[in-house]
Amino acid sequence: MMGSRDDYTSKEANLINQSKRELANGMDKDPVEKLRLMCYAKGAKGILGLARAFRNLDRNGDKRLHEEEFVNGIKQAGLPLNDDESKYMFRRFDEDNDGCVQMDEFLGKLRPTINKGRSDLIQRAFEKMDRSGDGIITANDLKTVYTVKYHPKYLSGELTEKEILGRFLEHFDTSCGIHDGKVTKEDFINYYATISASIDSDAYFDLIMRQSYKL
């Protein structure tokens, strides 16, 4: 299912290295662009990790973040922005000055743009995985679309079915301490938006998604 991961690992590494070079070049940067580069420097999990940190801090589920939550989310995601930069960024996105930032709106501006063709592929892949149709991929969803019985590590007894399926979900785990075994559509899009940003060719991205998810 993730068989093409090696195909884009080198491209993800290029994006990471390029972002690190841009961060280190000493040029002044807009805080939002700086945050985007910091996320890229963490690879495909960078924006995903920030989004999950924000979601974890959004206790009442209204997808609105106050300044303290916003600053803490950036820290929780392990991004080295100082408090002044985070607060400036918060004010930039608090367009109606009500003391809150709409989480989806902020992440939408931070996330790299995806063209319709790529967006449709990501959507199709998610829908294929989400067999229950509840908007969340779990190990139970994966069991219906992916068999482990031919997996060499399953045949050898090295890994159980649960462990093999868990490895798929681990691609979406982050460094901010959130390991819930669930992948939301937002997680899936945030992850593949960064993968998309590392791949110039639409045809190559199409190939990777089709091979990975048998679309």
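Residues numbered from 1 in each chain as written. Predicted model: local features only at pLDDT ≥ 70, side-chain atom pairs only at ≥ 80, totals over all residues. Heavy atoms only, no water.

Here we take up the packing of aromatic side chains. Two aromatic rings are characterised by how far apart their centres lie and by the angle between their planes. Summed over the entire model, instances satisfying the criterion amount to ten aromatic pairs. Measuring from centroid to centroid gives 4.7 Å for Phe93 and Phe106, while their planes differ by 85°, and the two rings are edge-to-face. Residue Phe93 is located in helix 5 (residues 83-93), and its partner Phe106 is located in helix 6 (residues 103-110); the two are separated by 13 residues in the primary sequence. Each member of the pair, Phe93 as well as Phe106, is classed as buried. With a centroid separation of 5.8 Å and an interplanar angle of 65°, the aromatic rings of Phe188 and Tyr213 are classed as edge-to-face. Highlighted residues: Phe188 in helix 11 (residues 185-197) and Tyr213 in helix 12 (residues 202-213), separated in sequence by 25 residues. Its relative accessible area of 0% is what places Phe188 among the buried residues. The aromatic ring of Tyr204 is capped on one face by Lys11, whose charged end is 5.2 Å from the ring centroid. (Phe/Tyr/Trp six-rings, centres within 6.5 Å; stacked < 30°, edge-to-face > 60°. Helix = DSSP H or I, 4+ residues; strand = E, 2+ residues; numbered from the N terminus. Buried < 20%, exposed > 50% of the residue type's maximum accessible area, 1.4 Å probe, protein only. Lys NZ or Arg CZ within 6 Å of the ring centre and 35° of its normal.)

As a further point, take the UniProt feature "domain: EF-hand" (unreviewed entry) in the chain. UniProt tags residues 45-80, 81-116 and 117-152 as "domain: EF-hand" (unreviewed entry). With 64% helix and 6% strand, residues 45-80 has end C-alpha atoms that lie 15 Å from one another. The span residues 81-116 is 56% helical and 6% strand by assignment, and the distance between its end C-alpha atoms comes to 32 Å. (UniProt positions renumbered as here; feature names shortened; annotations may be inferred.)

Position of Leu159 among the secondary structure elements: in the loop between helix 9 (152-155) and helix 10 (161-170). Note: C-alpha distance between Leu159 and Val148 (eleven residues apart in sequence) is 9.8 Å.

Quick look at the domain arrangement of the chain now. The assigned domain composition of the chain is domain 1 (6-110) and domain 2 (116-213). Taking only C-alpha atoms into account, the centre of domain 1 sits 23 Å from that of domain 2. Summed over both partners, the interface of domain 1 with domain 2 comes to about 2,000 Å²; 57% of that surface belongs to carbon and sulfur atoms. Summed over the shared surface of domain 1 and domain 2, the result is three salt bridges. For the interface between domain 1 and domain 2, the tally reads three residue pairs in polar contact (both at pLDDT 80 or more). For the side of domain 1 that touches domain 2, the leading source of residues is helix 3 (residues 45-57), giving nine residues. Each residue belonging to the side of domain 1 that touches domain 2 can be placed in one class, and the counts come to ten nonpolar, four polar and eight charged. (Domains from an automatic or database assignment. Buried area = accessible area lost by both parts, 1.4 Å probe. Salt bridge = Lys/Arg side-chain N within 4 Å of Asp/Glu carboxyl O. Polar contact = N/O pair within 3.5 Å; in protein donor to acceptor, adjacent residues only side chain to side chain. Nonpolar A, V, L, I, M, F, W, Y, C, P; charged D, E, K, R; others polar.)

What follows deals with the pattern of salt bridges. Tallied over the full model, the rule gives 14 salt bridges. Where Glu186 meets Arg55, a salt bridge forms, and the shortest distance between an N and an O atom there is 3.3 Å. Of the two residues, Glu186 sits in helix 11 while Arg55 sits in helix 3, which places them 131 residues apart along the sequence. A salt bridge links Asp206 to Arg210; its shortest N-O distance comes to 2.6 Å. You can see Asp206 and its partner Arg210 sitting in helix 12, four residues apart, about one turn around the helix. Taken together, the salt bridges that share partners define one network made up of Arg52, Arg55, Glu186 and Asp187.

With respect to the helices and strands, Gly46 occurs in helix 3. C-alpha separation for the pair Gly46 and Leu142, spaced 96 residues apart in sequence, amounts to 24 Å.

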